[in-house]
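What follows is the residue order along each chain.
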Amino acid sequence: MLKVIKFGGTSLASAQQFQKVAAIVRADKSRRYVVASAPGKRFSEDIKVTDLLLTCHRLAKEGENFDVPFNQIKARFEEIIADLGLSLSLEDEFTAFYRRIVKGASEAYIASRGEHFNARILAAYLDFPFIETAEGIIFDENGALLEEVTNEKLGALLKKNPRAVLPGFYGATEHGDIRIFSRGGSDITGSLAARAVKADLYENWTDVSGLLMADPRIVKNPRAIEFVTYRELRELSYMGASVLHEDAIFPVRREGIPINIRNTNAPEDAGTMIVEQAEKSAGIVTGIAGKKGFGAIYIEKGMMNSELGFGRRVLRVLEDRKISFEHLPSGIDTLTVVVERGALVGHENEIIHDLQKAVQADRIHLVEDLCLIAVVGRGMINSPGTAARLFGALAKEKINIRMIDQGSSELNIIVALEEKDYEKALQAIYNEFVPEA
Ligand code: ASP
């Protein structure tokens with residue numbers, strides 16, 4: 001058994017958290033390659049080291065003094081080192097780092113140092129070798145990851161050591177210039193490492209005990225999801241329920257490596273397993289995700305169904321305006337295009353005008369206050385009556401459904417509602433499908 005294990009920023013935010021991390025790593029001999037994030041928040045008003053680093057870069061670029069954030073960063077690392085009782089000193093490196101910022105180091109280089117220094121400290125604390133990911137994760141000159149080159153190089157680098165700690169979030173071009181992933185990108189590093197060493201499991205340790213069935217800010221004490229398939233996760237994360245960087249899925253998925261989301265602060269919790277195919281059948285519904293901030297364009301025209309190219313002409317207008325659509329439900333003489341509200345606001349008249357010109361509709365009108373709720377579950381395909389239960393739950397609360405869309409995979413049903421009904425609807429759907437504990 002071989003596991004790659006990644007710890008997020010809150011898991012490595014202080015010496016106390018490092019101690020928990022070390023206990024987790026030592027509890028299982030198969031946890032051999034450890035990916036570290038930069039120190040995150042210790043409390044809600046705290047500032048992530050990555051954000052402080054980005055502030056240093058911005059100030060330096062504007063010719064301003066960046067001593068305040070720089071010293072905060074240095075103090076955070078020094079405190080972790082001192083509280084762990086390590087003999088490691090990063091003094092000289094911080095002096096060199098300061099000079100590099102003054103000389104105009106790139107944003108990516110500066111941002112990457114949070115992970116770099118934190119991984120150095122964790123390696124010293126665990127007494128594992130430190131591996132420089134910049135030598136294994138390779139980007140092209142435009143900042144796009146070279147996945148196959150990376151797979152080979154990172155695999156060769158890691159296999160030299162039976163155990164190692166490596167920094168997340170960054171890599172380098174073949175010329176050695178540091179490049180970073182987008183925010184939260186240490187998840188991707190972990191996934192690439194898991195693929196490169198053909199791990200049996202990728203454990204992603206964070207500060208929640210896995211994915212929850214619904215947003216806990218809206219639904220009271222939602223249950224944790226035990227098993228979710230990659231496809232379900234995609235449907236759920238699309239609506240904003242992600243605890244994992246989206247790009248972290250593909251490298252492990254192609255190798256059939258499951259991901260286990262775990263909680264550093266509650267290591268006894270099993271967390272969520274993300275798998276290609278779930279062995280265990282969950283309830284009908286795996287999760288419920290939703291988002292406000294949508295709008296819709298309703299288009300009506302007699303005999304639309306027999307007018308060749310009608311849909312294409314509508315979508316062409318949107319494409320020309322760089323508007324991408326979320327859903328496209330249609331009736332015999334109607335077509336609705338659901339889009340993000342931001343794409344409509346302020347451009348209503350122009351959009352109607354362009355569409356009218358393109359398709360000579362009988363009626364076009366816009367609605368700008370919709371939310372979408374996706375009810376996702378691999379169990380739905382075999383459960384007749386799921387839609388009836390969903391609509392019944394909403395009807396009981398007198399909530400009006402503005403649009404319905406069932407994905408062709410029968411993995412989800414999406415409803416559009418008025419925004420004002422969002423919270424009530426989410427709770428009603430949850431209560432309908434999740435039996436009380
Ligand atoms: N430290 C980086 C961030 O704050 C990357 C990560 O934590 O995954 O986004």
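Here, the structure is the one placed above.
Presented here is a report on the structure given in the accompanying data block. (Residues numbered from 1 in each chain as written. Predicted model: local features only at pLDDT ≥ 70, side-chain atom pairs only at ≥ 80, totals over all residues. Heavy atoms only, no water.)

Within the protein chain, the secondary structure is distributed over 13 helices and 16 strands. Structurally, the protein chain occupies a C-alpha span of about 75 × 55 × 40 Å along its principal axes. Burial statistics for the protein chain: of 437 residues in total, 51% are counted as buried. A total accessible area of about 20,200 Å² is found for the protein chain, and carbon and sulfur atoms account for 49% of it. Separation of charge centres in the protein chain, based on 54 positive and 62 negative side chains, amounts to 2 Å. (Helix = DSSP H or I, 4+ residues; strand = E, 2+ residues; numbered from the N terminus. Buried < 20%, exposed > 50% of the residue type's maximum accessible area, 1.4 Å probe, protein only. Areas by Shrake-Rupley, 256 points an atom, 1.4 Å probe, with all protein chains shown as cover. Lys, Arg positive; Asp, Glu negative; His and termini not counted. Charge placed at Lys NZ, Arg CZ, Asp CG, Glu CD.)

With 11 of 14 residues buried, strand S11 (residues 287–300) is to be regarded as a mostly interior element. Inspection of the sheet shows S11 paired to strand S14 (residues 363–376) by 12 bridges, in the antiparallel sense. Bridging across to S14, Lys292 finds its partner in Cys371. Relative to strand S13 (residues 334–340), S11 runs antiparallel, the two sharing seven bridges. Following the sheet pairing, Glu300 is matched in S13 by Thr334. (Pairing = 2+ DSSP bridges.)

Once that is clear, we can look at the packing of aromatic side chains. Counted under the stated rule, the structure contains 13 aromatic pairs. Each ring, one from Phe94 and one from Phe117, has its centre 4.7 Å from the other, and the planes form 25°; the classification is stacked. Of this pair, Phe94 sits in helix H4 (residues 91–102) while Phe117 sits in helix H5 (residues 107–126), and the two are 23 residues apart along the sequence. Between Phe97 and Tyr109 the ring centres are 6.1 Å apart and the planes differ by 65°, which places this aromatic pair in the edge-to-face class. Separated by 12 residues along the polypeptide, Phe97 in helix H4 and Tyr109 in helix H5 bring together distant segments of the chain. We classify Phe97 as buried; its relative accessible area is 2%. (Phe/Tyr/Trp six-rings, centres within 6.5 Å; stacked < 30°, edge-to-face > 60°.)

Counting residues in each nonpolar core, the largest one holds 72 residues, and the members touching the most others are Val4 and Ile373. Formed by 44 residues, the second largest nonpolar core is a distinct cluster that contains Phe7, Val25, Val49 and Leu53. (Core = buried A, V, L, I, M, F, W, Y, C linked by side-chain atoms within 4.5 Å.)

The next thing to look at is the packing of H4 against H5. Pairs of packed helices are described in terms of their axes, by the angle between the two and the distance that separates them. Closest axis-to-axis distance for the H4/H5 pair is 12 Å, and the angle between their directions is 170°. Considering their axes alone, H4 and H5 lie roughly antiparallel with respect to each other. Where H4 approaches H5, its residues Glu93, Phe94, Phe97, Arg100 and Ile101 are matched on the opposing element by Tyr109, Ile110, Arg113, His116, Phe117 and Arg120. Classifying every residue of the contact of H4 with H5 gives six nonpolar, one polar and four charged. (Axes fitted to C-alpha atoms, helices over the stretch in contact; angles between N-to-C directions. Parallel < 35°, antiparallel > 145°, perpendicular 65-115°, else oblique. Contact = heavy atoms within 4.5 Å. Nonpolar A, V, L, I, M, F, W, Y, C, P; charged D, E, K, R; others polar.)

For the rest of this paragraph, the subject is the pattern of salt bridges. Scanning the entire structure with this criterion turns up 35 salt bridges. For Arg234, the salt bridge goes to Glu246, with nearest N and O atoms at 2.7 Å. One end of the pair, Arg234, is in helix H8 (residues 230–237); the other, Glu246, is in the loop between H8 and helix H9 (249–255), with 12 residues separating them in the sequence. According to the relative accessible area criterion, Arg234 is partly exposed, its value standing at 41%. Take Glu246: its relative accessible area is 36%, and that puts it in the partly exposed class. Taking the shortest distance from any N to any O, the salt bridge between Lys301 and Glu307 comes out at 2.8 Å. The class for Lys301 is buried, based on a relative accessible area of 14%. Judged by its relative accessible area of 23%, Glu307 is partly exposed. (Salt bridge = Lys/Arg side-chain N within 4 Å of Asp/Glu carboxyl O.)

Right, let's talk about the sheet that holds strand S6 (residues 178–180) for a bit. Taken in spatial order, the three strands of this open sheet run S3-S5-S6, and their pairing is mixed. Both outer strands of the open sheet, strand S3 (138–139) and S6, are each paired with one neighbouring strand and no more. Sheet topology places S3 next to strand S5 (residues 170–173); two bridges connect them, and they run parallel. Residue pairing in the sheet places Phe139 in a bridge with Thr173 of S5.

Every residue near the ligand is listed here: Ser37, Ala38, Lys48, Thr50, Glu115, Phe169, Arg183, Gly184, Gly185 and Ser186. Between an oxygen atom of the ligand and a main-chain N or O atom of Ser186, the distance comes to 3.0 Å. Considered on its own, the ligand offers 260 Å² of accessible surface; in the complex 94% of this is hidden by protein. Class assignment for the residues of the shell around the ligand results in two nonpolar, five polar and three charged. (Near = heavy atom within 4 Å. Polar contact = N/O pair within 3.5 Å; in protein donor to acceptor, adjacent residues only side chain to side chain.)

We now examine helix H3 (residues 67–84). Taking 1.5 Å of rise per residue, the 18 residues of H3 would be expected to cover 26 Å, and the 25 Å separating its terminal C-alpha atoms lies within 8% of that figure. Here H3 has its buried residues at Pro69, Phe70, Ile73, Lys74, Arg76, Phe77, Ile80, Ile81 and Leu84. Each buried residue of H3 sits inside an arc of 150° when the element is viewed along its axis, so together they form one side. Opposite the buried face of H3, at more than 90 degrees from it, the exposed residues are Val68 and Ala82. Taken together, the buried residues of H3 touch helix H1 (15–26), helix H2 (49–61), H4 and H5. Two residues or fewer past H3, Gly85 is found with a positive phi of approximately 70°. (Expected span 1.5 Å × (residues − 1). Arc of directions from axis to C-beta.)

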